[in-house]
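Descriptive structure summary
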Amino acid sequence: MVQSSVLGFPRMGVLRDLKKANEAYWADKISQQDLLAEAKRLRLAHWKIQQDAGVDIIPSNDFAFYDHVLDHIQLFNAVPERYTSQKLSPLDEYFAMGRGHQKGGVDVPALEMVKWFDSNYHYVKPTLQDNQTFSLAKDPKPVREFLEAKEAGIQTRPVLVGPVSFLALGKADRGSSVNPITLLDKLVPVYVELLKALKAAGAESVQIDEPVLVFDLSPEVKAAFKPAYEAIAAQGSAVPSVVVATYFGDIVHNFDILPAFAKAQGLHVDLVRNPEQLEPVLKQLGANQILSAGVVDGRNIWKNDFKKSLDLLQTAIKALGPERVIVATSSSLLHTPHTLASEKKLPADVYEWFSFASEKVKEVAILAKAVTSAGSVNAELEANAAAMKARAESTRTNDPKVKERQSQVTEAQHNRKTEFDNRYAQQKKHLSLPLFPTTTIGSFPQTSEIRVQRNKFTKGEIDEQQYDDFIKKEIDYAIQIQDELGLDVYVHGEPERNDMVQYFGERLQGYVFTTHAWVQSYGSRCVRPPIIVGDISRPVPMTVKESKYAASVSKKPMKGMLTGPVTCLRWSFPRVDVHQSVQCQQLALALRDEVVDLEKNGIFVIQVDEPALREGLPLRKGSERDAYLKWAVNSFKLATAGVEDSTQIHSHFCYSEFQDFFHAIAALDADVLSIENSKSDAKLLKVFIDEAYPRHIGPGVYDIHSPRVPAEAEFKQRIQEMLEYLRPEQLWINPDCGLKTRKWDEVKGALTHMVNAAKYFREQY
Ligand code: GLN
Ligand code: ZN
């Protein structure tokens, strides 16, 4: 009998119930008791969904109030002293690490949070001390939740973040210099203690996640697996059997580590991302080890292609026999929305193409039945094949006009007419730009009034004319403020945009939108990515109306504002039936038309934002990364190179670590880059001189994420520091990101100081 398994289930609930409960608790609207009860209700509901679907191996401890890595920080008593010294309740201490705590005389900032591999989920970084110790928390969460499920009659397999990944994903606290992996000896005994407690509670097997196995690892980290897993194996039957799980990549380059898991029950690998690792992995397994075959995608929303999965499963069964193969999700389903059943507005044909978490758990169960007894699920297999066929043949998926256009893309279309020096000479005249030009990144405050009017318009309470008039009034106001401030390149303020990707998706052919398909991004924050279902094209201009109006009432150059092709792709659920490079090029062509239309309508500065460029970088260096950079850069160039030399192309990035892919940033050939540098070391700008970067840069002179208005002197100081690394004629003065989350008085205060500081330097040079 082939078993089915799920590596983790989304925590939020059907209606983002956990988000609501957490936020109500933070706002003192519900008690801790209420929050705990709600969490218990959600855990039970999610186990039940999997049990009803017929899943054999159901995970526990995949639930987290905020983040599962943060859970482990508390589980191992690795909480920095600045939190423990506050004497908060364990739950409040936990939230203090996740999101900071400013209440009742306590004021501690959050721990650092970073992206989880190449997903849009963020984890809290274990933050470790030179004299770090570990011990097992009282009433350990994995044991508690295992028993909770057991009491409900559900035998689960607890999920833990493995000791090597926990340390390798951590960092030394400020003021410490410890290399986290050197703490392994101290940490492993705590795992052993935990595993013994799980066994005593009745757990027969545990899933230990070691996702760092997909990275290129340092020799120290590589060497850590053996002692860690041998110490666990040495406990024999005093601990549950262990399945080591990896995901989001292949592990072939780390095969030399596998002997460390010789005593493990088995290994889980991601066969959605890297199906080609199946054959080599099969050869590596020990004589009795099982393979957990991750064939149902935990990162996307498409219905599983049963035929493709069955091929992989059959290959595995042929090599190992049915007892040694488990059908599994590729990773935790954390990265997928809760259930497709909530979607009432999707086109009927498209609805049939998707599977969210609650549907994916059924898919693993069906696949396991299909390989266990042929013929047992024929109806399901046929329905699946029909859905695959319908999608492949749908006119939504295939637009011959788009394909035709893509086949005609030329190399020349990627390049501006001449080099930067010549372009800039024309732009300077055309736009009458001073030295140290000032500008902003695009959005101005999204006031509650804007949200109210947008809502009314969506609900049909006001008509298009009324809504347009309102937007015009907002644009007028933004321009009046920019006049008063004396900025040099204006923006219209983006009052009409709900979200920088959704706004464009809604105006493009090839996208669909959901109403409830939320995915956790961090803590209680969820995102609802639009879905690319077919070939993308732009039926009519998307932003020209607002930008043209803004330019018509403005005395200074108006900057048009677009979201770049890579960011549109990365912040959507992409298609899986064509390569991402193809989708990105389609987006680029649509945006190219928009850029050209903006220029035709008198917009001679155009900013194409690409904040997601960096997060798309494949996890390992090498050919895959090079290929990504090539198509990503080409898409940006294709989108922007259709204009005259006198038109200025800007791009924006919300970070300033360009060291490891500087050549790609330079290859974009944008006339002006605005980047985040207000919270980073100005030294990061050194790469621009080291590489003799010829074009212009606005490194972001203040942090827009904080309501704080910096003094004029701080702006001067920051600009002075930047001038150590950048030539005066190449420096632009701007905030480090859009201002949509700020209040108008904060914006006015900060920009007044910013413009004054720019004027001061203009006089010096
Ligand atoms: N133009 C966008 C804005 O100003 C850029 C946002 C971003 O970089 N994330 O809001
Ligand atoms: Zn930004």
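In what follows, the accompanying structure is described. (Residues numbered from 1 in each chain as written. Chains lettered and ligands numbered in written order. Predicted model: local features only at pLDDT ≥ 70, side-chain atom pairs only at ≥ 80, totals over all residues.)

A word on the overall build of the chain
- Along the chain, the regular secondary structure elements total 27 helices and 24 strands.
- Computed over C-alpha atoms, the radius of gyration of the chain comes to 27 Å, within 12% of the 27 Å expected from 2.2 N^0.38 for 765 residues, which places it in the range of a compact globule.
- In terms of overall dimensions, the chain has C-alpha extents of about 80 × 60 × 50 Å along its principal axes.
- A buried classification covers 48% of the 765 residues belonging to the chain. (Helix = DSSP H or I, 4+ residues; strand = E, 2+ residues; numbered from the N terminus. Rg over C-alpha atoms; globule rule 2.2 N^0.38 Å. Buried ≥ 20, exposed ≤ 12 C-beta atoms within 10 Å, placed from the backbone.)

Comments concerning the sheet that holds strand 15 (residues 490-491)
- Taken in spatial order, the six strands make up an open sheet running 15-20-21-22-23-24, and their pairing is parallel. If you trace the sheet from one side to the other, it starts and ends with strand 15 and strand 24 (696-698), each paired once.
- In this sheet, strand 23 (residues 672-675) lies alongside strand 22 (residues 648-653) in parallel orientation, the contact comprising four bridges. Looking at strand 23, one finds that F653 is bridged to I675. (Pairing = 2+ DSSP bridges.)

Focus on the pairing of strand 19 (residues 531-537)
- Summarising burial for strand 19: six of the seven residues are buried, a large majority.
- Note: strand 16 (residues 509-512) against strand 19, three bridges, orientation antiparallel. Considered in strand 19, the bridge of V512 is made with I531.

Here we look at the site of ligand 1
- Taken together, I441, G442, S443, M500, M561, D609, P611, H652, C654, C737, G738 and K740 make up the full set of residues adjacent to ligand 1.
- Broken down by class, the residue content of the shell around ligand 1 amounts to six nonpolar, four polar and two charged. (Near = placed C-beta within 6 Å. Nonpolar A, V, L, I, M, F, W, Y, C, P; charged D, E, K, R; others polar.)

Digging into the environment of T182
- By the element assignment, T182 lies in the loop between strand 9 (171-172) and helix 8 (184-201).
- Judged by C-beta crowding, with 13 C-beta atoms within 10 Å, T182 ranks as partly exposed.
- With 93 residues separating them in the primary sequence, T182 and P275 have C-alpha atoms 34 Å apart.

A few points about the sheet that holds strand 2 (residues 58-60)
- Spatial ordering of the open sheet is given by 1-14-13-12-11-10-8-2, a layout of eight strands whose pairing is parallel. Two strands lie at the open edges of the sheet, namely strand 1 (3-5) and strand 2, each paired on one side alone. Averaged over all pairs of adjacent strands, the angle between their axes in this sheet comes to 30 degrees, without regard to strand direction.
- Pairing of strand 1 with strand 14 (residues 325-329), which is carried by three bridges, proceeds in the parallel orientation. Each residue of the ladder has a partner; that of S5, found in strand 14, is A328.
- On top of the sheet, helix 6 (residues 141-151) reaches strand 2 and strand 8 (156-161); it is set at about 165 degrees to strand 8, its chief contact. (Axes fitted to C-alpha atoms, helices over the stretch in contact; angles between N-to-C directions. Contact = placed C-beta atoms within 7 Å.)

What to know about helix 18 (residues 464-485)
- The first and last C-alpha atoms of helix 18 sit 31 Å apart over 22 residues, in line with the 32 Å expected at 1.5 Å per residue.
- What helix 18 keeps buried is the set F470, I471, E474, I475, A478, I479 and Q482.
- Of the residues one or two after helix 18, G486 is the one with positive phi, at around 75 degrees. (Expected span 1.5 Å × (residues − 1).)

Points about the environment of L684
- For L684, the position within the fold is in the loop between strand 23 and helix 25 (686-690).
- Between the alpha carbons of L684 and K40 there is a distance of 46 Å; along the sequence they are 644 residues apart.
- Residues within four places of L684 in sequence aside, it is in contact with S656, E657 and N677.

Observations concerning the packing of helix 26 (residues 712-723) against helix 27 (residues 744-764)
- The geometry of helix 26 relative to helix 27 is characterised by a closest axis approach of 8 Å and an angle of 50 degrees between their N-to-C directions. When the axes of helix 26 and helix 27 are compared, the pair comes out oblique. Seen along the crossing, helix 26 lies across helix 27 with a hand that is right-handed. Contacts between helix 26 and helix 27 involve E712, F715, K716 and I719 from the former and H753, M754, N756, A757, Y760 and F761 from the latter.
- Of the residues assigned to the contact of helix 26 with helix 27, the class counts are six nonpolar, two polar and two charged. (Parallel < 35°, antiparallel > 145°, perpendicular 65-115°, else oblique. Left-handed = near helix turned anticlockwise from the far one by under 90°.)

Concerning the packing of helix 18 against helix 20 (residues 544-552)
- Two numbers describe how helix 18 lies on helix 20: the axes approach to 10 Å, and their chain directions differ by 45 degrees. Taken together, the axis directions place helix 18 and helix 20 in an arrangement best described as oblique. As helix 18 runs across helix 20, the sense of the crossing is right-handed. Across from I471, K472, I475 and I479 in helix 18, the residues of helix 20 making contact are E546, Y549 and A550.
- Considered class by class, the residues forming the contact of helix 18 with helix 20 number five nonpolar, no polar and two charged.

Quick notes on the pairing of strand 10 (residues 205-209)
- Counted residue by residue, strand 10 has four buried out of five residues, so it is predominantly covered.
- Here three bridges tie strand 8 to strand 10, and the two strands are oriented parallel to one another. Bridge assignment links V159 to a residue of strand 10, and that residue is Q207.
- Where strand 10 lies against strand 11 (residues 241-245), five bridges are found, and the strand directions are parallel. Across the sheet, the residue bridging to Q207 is V243, located in strand 11.
- One crossover worth recording links strand 10 to the parallel strand 11 by way of helix 9 (residues 219-233), and it is right-handed. (Right-handed = clockwise from strand over helix to strand, strands pointing away.)

Observations concerning the nonpolar core
- If you look at the biggest cluster of nonpolar residues, it comprises 208 residues, and the most contacted ones within it are M97, A293, V327, V364, L367 and M754.
- The leading source of residues in this core is helix 13 (residues 357-372), at nine residues.
- Not counting chain neighbours up to four residues away, the residues in contact with M754 comprise T438, V701, Y702, F715 and I733. (Core = buried A, V, L, I, M, F, W, Y, C linked by C-beta atoms within 7 Å.)

A closer look at helix 1 (residues 17-26)
- Within the sequence span of helix 1, burial applies to L18, A21, N22 and Y25. For helix 1, the angular spread of the buried residues around the axis is 100 degrees, confining them to a single face. (Arc of directions from axis to C-beta.)

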